[in-house]
Amino acid sequence: MNYESRRVTISFLAVSELCELFNLPQDVPTQAISSCIEKLVFQQRNVQSASKTETVQVQSKEPNKSALSAMVSSFKGAA
């Protein structure tokens, strides 16, 4: 098995969202953040492999306005 390590830089807002998603405090150690990111990566990989066997659904070309609004709200709160 070939193993590669990557260094990733993420923004403060991404860390805030990650902490909120996993119910972690804002001052959590970086190892915990790394493990949460790994969990999300592997969950996404499993979802993608499962969706390949299902029929492909056409996604709407309209932006997700409620998600965009939530992102802007959290950004204003962090500033």
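Located above this text is the structure these notes cover.
Computed from a predicted model, the values in this text were never measured in an experiment. (Residues numbered from 1 in each chain as written. Predicted model: local features only at pLDDT ≥ 70, side-chain atom pairs only at ≥ 80, totals over all residues. Heavy atoms only, no water.)

Chemist: Before we go on, may I ask you to explain the overall build of the protein chain in this structure?
Modeler: Looking only at helices and strands, the protein chain features 3 helices and 0 strands. The linear arrangement of helices and strands in the protein chain, starting from the amino end, is α-α-α. A burial count over the protein chain gives 9% of its 79 residues as buried. Put simply, the protein chain shows about 7,500 Å² of open surface, and 56% of that area lies on carbon and sulfur atoms. (Helix = DSSP H or I, 4+ residues; strand = E, 2+ residues; numbered from the N terminus. Buried < 20%, exposed > 50% of the residue type's maximum accessible area, 1.4 Å probe, protein only. Areas by Shrake-Rupley, 256 points an atom, 1.4 Å probe, with all protein chains shown as cover.)

Chemist: Any chance you could explain a nonpolar patch on the surface here in plain terms?
Modeler: Taken together, the side chains of V8, I10, I37, V41 and F42 present a nonpolar region at the surface, about 420 Å² in accessible area. Note on I10: relative accessible area 34%, which makes it partly exposed. (Patch = residues over 30% accessible without salt bridge, like charges linked within 9 Å, V, L, I, M, F, W, Y side chains within 5 Å. Salt bridge = Lys/Arg side-chain N within 4 Å of Asp/Glu carboxyl O.)

Chemist: When you look at helix 1 (residues 12-21) in this model, what are you seeing that I'm missing?
Modeler: An α-helix turns once every 3.6 residues. As a result, residues three or four positions apart point the same way. Residues of helix 1 that are buried include every one of V15, S16, L18 and C19, and no others. The buried residues of helix 1 occupy an angular sector of 165° when the element is viewed end-on, so they sit on one face. Opposite the buried face of helix 1, by more than 90 degrees, sit the exposed residues E20 and L21. The positive-phi residue at the C-terminal boundary of helix 1 is N23, with phi of around 55°. (Arc of directions from axis to C-beta.)

Chemist: I'm lost on the state of the cysteines in this one. Help?
Modeler: Covalent bonding between the sulfur atoms of two cysteines is what defines a disulfide. All told, the structure shown has 0 disulfides when counted by the stated rule. The cysteine C36 is free of any disulfide, with C19 supplying the nearest cysteine sulfur at 7.4 Å. (Disulfide = S-S within 2.5 Å.)

Chemist: Please clarify how unusual backbone geometry should be interpreted in this entry.
Modeler: Unlike most non-glycine residues, N23 shows phi in positive territory, near 55°. Along the chain, the position of N23 falls in the loop between helix 1 and helix 2 (30-53).

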